[in-house]
Amino acid sequence: MKIVTIKEKECQAPEACDYICVQVCPRVREGAVGTVYKRENKKAAIDENLCIACGICVNRCPYDAIRVINLPDELNKELVFQYNVNSFRTYNIVSPMEGKVVGILGRNGIGKTTNINLISNTLKPNFGDFLNGASEKEIIRRFRGKEIQPYLEKLYKGDIKISKKEQSLSFTGKVREIVKKNKYKLITDEIMDKDISSLSGGQIQSVAIAAAMDNEADVYIFDEPMNYLDIYQRLRIANIIKEKLKNKTTIIVEHDLVMLDYLTDFVQIMYGSESNYGIVSHLMQTRVGINNYLAGYLPSENMKFREHEIKIKGNVPDGSLETLASWPDFNANIGQFTLSVGQNTVYRGEIVGIIGENGVGKTTFAKAITGLVEMDNGRLELGLKISYKPQFIEASDVIVRDMLISIKRDFLSSETFSGIMKRLGIDRILNKNMKNLSGGELQKLAIFSTLLRDADIYLFDEPSANLDLEDRLEAINIVGSFIKANKKGAIIIDHDLMFINAISTRAALFEGTPNKSGRMGNITRTEEAINSLLKRVDITMRKDPDSGRPRINSPNSRLDIEQKKSGRMFEI
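Residues numbered from 1 in each chain as written. Predicted model: local features only at pLDDT ≥ 70, side-chain atom pairs only at ≥ 80, totals over all residues. Heavy atoms only, no water.

Draft legend 1. Representation of the overall build of the chain within the structure. For the chain, the count of helices and strands is 20 helices and 29 strands. Relative to its length of 572 residues, the chain is compact, with a C-alpha radius of gyration of 25 Å against a globular reference of 25 Å. With the C-alpha coordinates of the chain rotated into their principal frame, the extents come out at 75 × 60 × 50 Å. Within the chain, the proportion of its 572 residues that are buried is 55%. Contacts spanning at least 24 positions in sequence make up 68% of the contacts within the chain whose residues lie at least 6 apart. Here the chain contributes 79 positively and 74 negatively charged side chains, and the mean placements of these two sets differ by 2 Å. (Helix = DSSP H or I, 4+ residues; strand = E, 2+ residues; numbered from the N terminus. Rg over C-alpha atoms; globule rule 2.2 N^0.38 Å. Buried < 20%, exposed > 50% of the residue type's maximum accessible area, 1.4 Å probe, protein only. Contact = heavy atoms within 4.5 Å. Lys, Arg positive; Asp, Glu negative; His and termini not counted. Charge placed at Lys NZ, Arg CZ, Asp CG, Glu CD.)

Draft legend 2. Summary view of the side chain of Asp261. Within the secondary structure, Asp261 sits in helix 11 (residues 257-263). In contact with Asp261, other than residues within four places in its own chain, are Thr286, Arg287, Ile290, Arg549 and Arg551.

Draft legend 3. Fine view of the pairing of strand 1 (residues 2-6). Counted residue by residue, strand 1 has four buried out of five residues, so it is predominantly covered. For strand 1 and strand 4 (residues 66-70), the ladder comprises five bridges, and the chain directions are antiparallel. Bridge pairing in strand 4 links Val4 to Val68. (Pairing = 2+ DSSP bridges.)

Draft legend 4. Quick peek at the confidence of the model for the chain. Here the chain shows a mean pLDDT of 93. Residues at 70 or above account for 98%. Here strand 17 (residues 330-334) stands out as the least confident element of the chain, with mean pLDDT 86; strand 5 (residues 79-82) is the most confident, with 98. (pLDDT = per-residue confidence, 0-100.)

Draft legend 5. Main features of the layout of surface pockets. One number sums up the size of the second largest pocket: a volume of about 1200 Å³. If you trace the second largest pocket, you find 37 residues lining it, with Ser200, Gln203, Asn358, Gly359 and Asn515 closest to the centre. At the level of elements, helix 8 (189-192), helix 9 (201-214), helix 10 (231-244) and helix 13 (362-369) are the ones that each hand at least two residues to the lining of the second largest pocket. Among the residues making up the lining of the second largest pocket, the classes are represented as 13 nonpolar, 15 polar and nine charged. (1 Å grid on protein atoms, 1.4 Å probe; cavity = no way out; pocket = protein on both sides within 12 Å on 5 of 7 lines; lining within 4 Å. Points joined across faces, edges and corners; volume = space filled by probe spheres on them. Nonpolar A, V, L, I, M, F, W, Y, C, P; charged D, E, K, R; others polar.)

Draft legend 6. Geometry of the environment of Ile221. Summarising the element assignment, Ile221 is placed in strand 9 (residues 219-223). Ile221 sits in the buried class, given a relative accessible area of 0%. Residues Ile221 and Ser120, spaced 101 residues apart in sequence, show a C-alpha to C-alpha distance of 8.5 Å. Sequence-distant contacts of Ile221, defined by excluding residues within four places in its chain, comprise Ile116, Ile119, Ser120, Ile162, Ser163, Lys164, Lys165 and Ile251.

Draft legend 7. View of the pairing of strand 24 (residues 506-513). Most of strand 24 sits inside the fold, with six of its eight residues counted as buried. Two strands pair when backbone bridges link them, and strand 20 (residues 351-356) and strand 24 are joined in this way by five bridges, in the parallel orientation. Residue Val352 lies in a different strand from strand 24, and its bridge partner there is Arg506. The pairing of strand 24 with strand 26 (residues 524-525) spans two bridges and is classified as antiparallel.

Draft legend 8. Layout of unusual backbone geometry. Look at the link from Ala13 to Pro14: it is a cis peptide, with omega at -5 degrees. Although it is not a glycine, Asp64 sits at a positive phi angle of roughly 50 degrees. Tracing the sequence through the fold places Asp64 in the loop between helix 3 (56-60) and strand 4. We classify Asp64 as partly exposed; its relative accessible area is 29%. Its identity as a non-glycine residue notwithstanding, Asp538 has a phi of 60 degrees, on the positive side. Along the chain, Asp538 turns up in the loop between helix 19 (526-537) and strand 27 (541-543).

Draft legend 9. Up close: helix 12 (residues 286-295). The buried count for helix 12 comes to seven of 10 residues, which makes it a mostly enclosed element. Where helix 12 is concerned, the buried positions are Thr286, Gly289, Ile290, Asn291, Asn292, Tyr293 and Leu294. Buried positions along helix 12 lie against strand 7 (101-106), helix 11, strand 11 (266-273), strand 13 (284-285), strand 14 (297-298) and helix 17 (469-486).

Draft legend 10. Representation of the packing of aromatic side chains within the structure. This model, assessed by the stated rule, comprises 12 aromatic pairs. When the ring of Phe81 is compared with that of Tyr83, the centres are 4.7 Å apart and the planes differ by 90 degrees; the resulting orientation is edge-to-face. On the accessibility criterion, Tyr83 (38% relative accessible area) is partly exposed. Aromatic rings pair up to connect Phe411, Phe417, Phe448, Tyr458 and Phe482 into one cluster. We note Lys242 situated over the ring of Tyr262; from NZ or CZ to the ring centre the distance is 4.6 Å. (Phe/Tyr/Trp six-rings, centres within 6.5 Å; stacked < 30°, edge-to-face > 60°. Lys NZ or Arg CZ within 6 Å of the ring centre and 35° of its normal.)

Draft legend 11. Main features of helix 13. Within helix 13, six of the eight residues are buried, leaving the element largely enclosed by the surrounding structure. Among all positions in helix 13, only Lys362, Thr364, Phe365, Ala366, Ala368 and Ile369 are buried. Immediately beyond the C-terminal end of helix 13, within one or two residues, lies Gly371, with a positive phi of roughly 80 degrees.

Draft legend 12. Broad picture of the pattern of salt bridges. Within the structure shown, the criterion is met by 40 salt bridges. For Asp471, the salt bridge identified is with Arg107, shortest N-O distance 2.7 Å. In this pair, Asp471 sits in helix 17 while Arg107 sits in the loop between strand 7 and helix 4 (112-119), placing the two residues 364 residues apart along the sequence. What emerges from the salt-bridge pattern is a single network uniting Arg107, Glu274, Arg306, Lys444, Asp468, Glu470 and Asp471. (Salt bridge = Lys/Arg side-chain N within 4 Å of Asp/Glu carboxyl O.)

Okay, here's the thing in structure tokens:
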């Protein structure tokens, strides 16, 4: 079985392309009418039954819009939904479990949100018949004997109420208009009367979660709820979900493995080819499922979906103590907020992690050392070039290639940068307008453009946001190799503890009173900084013996009690 996908946004016919795919197709040249044809909207389309999968159109398309993929014939029986001709399709379906929390783990663009829409009745399974769809009676019949059947029967009868927290945080108006009850006090009184546009990313995320949890429902769905939240907020929301929704059916899509592991009872893995097709695995217990995902192999299905195993390990210092940058004690006052920073040093070839709750000055510190904000004694001058990736990325109305050329004209001819570009997938979006990029694509582009700039210190504010697990780990490898090879320095602010532990050689903890005052602790060994953070939130973490990933211990478990007694909150 073969499938063909043509990304309509990338296809530039007829305005900028004279249907090269039609001109080069051997079947068309042989006279096979309709192999490659024009849709009603003038975009190209390919008849999958007539296509011989020669790959010529794939290679000749100047906009990299076409994919021809061979799949096992038996998979066709599992086709659940297809959007349109030559479009994304999903095989099998996410299966909610009554009274349990099910996590969905997979790459961006693999169909996680599509599946959420299928189980919330926003979309209906069409089994590939995108023109006519399928009746509810037919859908129930097709799923007879499967875990999802009784759920869909209740859903279509109207016996299931669903509350959903969307991945997109597109709200307008006052917070009070969005969060009417604030049932679990996730939103503080001081922001209830503010306009949503004036809030930080973490605050908007909290508003979205609070609005979803305000609703009385049978099923709660959270699509990437942890983005922009600090560890304190993540744990608080996780505990509320675990306690208050204990007997509810809950689905969570999340890339933070620590939180996904802590929150869920079972997981389903999604794999396939981004933007082309996705396959949903069977349900697995959470620990087993996450470890199978990292291994890239599903033993129960005898399916290897990734060529390499993902190993999670801490960044080891290379022993170099050559000073790259130092700053003296300084204070920064911005409005009613005061930040106190002590003297610290960054060495060549090292990556310093910055952790702490939102609102205690991490981003203010980043802006201070880049000279973007005034200190008590004027702007801080380190005498160094600093390349800064801000927390929030503005999508300009410009083609990606042109934006990158404005930073470094010869980046395409650089062996180093062309390699990084391919590993991050930037080569596939060079001809796109920045305004049409997804959140993950924007984040990877921001990381790449930050590295393109000639600098001594590379400063990244929340680089893991909107990245899936594999992109997060790829970013760790890329940034780590770049900094060490070029004897530069990096400072990375992030809330994903697995990410920080894996990328940084040393770290600093920020503490204080949110939105009033903050102070930066000494830069010390990463595990010491994380240990101090965990003491503040009163949780312990251990290393998974199979995968090496950090896991939160169950409160009052034997390991939790032993680690708290010894003071080793982070046993990793």
